[in-house]
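# Structural description and commentary
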Amino acid sequence: RSSKPLPLLNLTKSGICFVSDKKFKSGDNVTVKIKIPGERSICLDVDIRWLNNNVPGEKFHVGAQIRPFGKGHNYNSYKVLEKLRELDNKYKDYDA
């Protein structure tokens, strides 16, 4: 199921935080597509861990844990892990 673009607030080695107008439930499994200008998109399977509804405009901050990397349909691809490492190296000194 497709969705409109959602602002990404944070990306770490183990999780992400994004803004959504959809009320996810803790434990939901979703696939997120991360778009970084000038880079190829990255798709990650994540598990929703928390939701904060104290955000103006009927939106939510959503925290999700990145599913493990490995082989098979229950895992994120090792190619995605390599791309994340590459981006981490490239942007490690970037301060928004």
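Residues numbered from 1 in each chain as written. Predicted model: local features only at pLDDT ≥ 70, side-chain atom pairs only at ≥ 80, totals over all residues. Heavy atoms only, no water.

## Topic: the overall build of the protein
The number of helices and strands found in the protein is one helix and five strands. Each helix and strand of the protein, placed in order from N terminus to C terminus, yields the pattern β-β-β-β-β-α. Here the protein has a C-alpha radius of gyration of 14 Å; the compact-globule value for 96 residues is 12 Å, and the two agree. Summarising its shape, the C-alpha atoms of the protein cover approximately 35 × 35 × 20 Å along the three principal directions. Here the protein, with 96 residues, has 31% of them falling under the buried criterion. Pairs at least 24 apart in sequence give 40% of the contacts found in the protein among residues at least 6 apart. When the accessible area of the protein is evaluated, it comes to approximately 7300 Å², of which 49% is carbon and sulfur surface. (Helix = DSSP H or I, 4+ residues; strand = E, 2+ residues; numbered from the N terminus. Rg over C-alpha atoms; globule rule 2.2 N^0.38 Å. Buried < 20%, exposed > 50% of the residue type's maximum accessible area, 1.4 Å probe, protein only. Contact = heavy atoms within 4.5 Å. Areas by Shrake-Rupley, 256 points an atom, 1.4 Å probe, with all protein chains shown as cover.)

## Topic: the packing of aromatic side chains
A full pass over the atoms with the stated rule returns one aromatic pair. A ring pair is formed by Phe18 and Phe24, whose centres lie 6.0 Å apart and whose planes are at 85 degrees; its orientation type is edge-to-face. Note on accessibility: Phe18 and Phe24 belong to one class, buried. (Phe/Tyr/Trp six-rings, centres within 6.5 Å; stacked < 30°, edge-to-face > 60°.)

## Some points on the nonpolar core
One finds Val32, Leu44 and Val46 to be the most contacted residues of the largest nonpolar core, which totals 19 residues. Residue assignment for this core shows that the elements contributing at least two residues are β2 (15-20), β3 (29-34), β4 (42-55), β5 (59-66) and α1 (78-91). In contact with Val32, not counting residues within four places along its chain, are Ile16, Phe18, Ile42, Cys43, Leu44 and Val46. (Core = buried A, V, L, I, M, F, W, Y, C linked by side-chain atoms within 4.5 Å.)

## As for the side chain of Asp47
Note on placement: Asp47 falls in strand β4. Overall, Asp47 belongs to the buried group, its relative accessible area being 11%. Polar contacts involving the side chain of Asp47 include one to the side chain of Asn29, which spans 2.2 Å. Excluding residues within four positions of it along the chain, Asp47 makes contact with Asp28, Asn29, Gly63, Ala64, Gln65 and Arg67. (Polar contact = N/O pair within 3.5 Å; in protein donor to acceptor, adjacent residues only side chain to side chain.)

## Topic: the sheet that holds β4
Overall, antiparallel pairing links the five strands, which are arranged β1-β2-β5-β4-β3 in an open sheet. The sheet terminates laterally at β1 (8-11) and β3, the two strands that pair on one side only. Ignoring which end each strand starts from, the neighbouring axes of this sheet average 35 degrees apart. Strand direction decides the pairing type here: β1 and β2, joined by three bridges, are antiparallel. Pairing of Leu8 across the sheet is with Phe18, part of β2. Strands in contact with α1 are β1 and β4; relative to β4, the strand with the most contacts, it is inclined by about 65 degrees. (Pairing = 2+ DSSP bridges. Axes fitted to C-alpha atoms, helices over the stretch in contact; angles between N-to-C directions.)

## Quick look at the side chain of Lys83
The topology assignment puts Lys83 in helix α1. For Lys83, a relative accessible area of 10% puts it in the buried group. In contact with Lys83, other than residues within four places in its own chain, are Glu39, Arg40 and Ile42.

In short, geometric facts, not functional conclusions.
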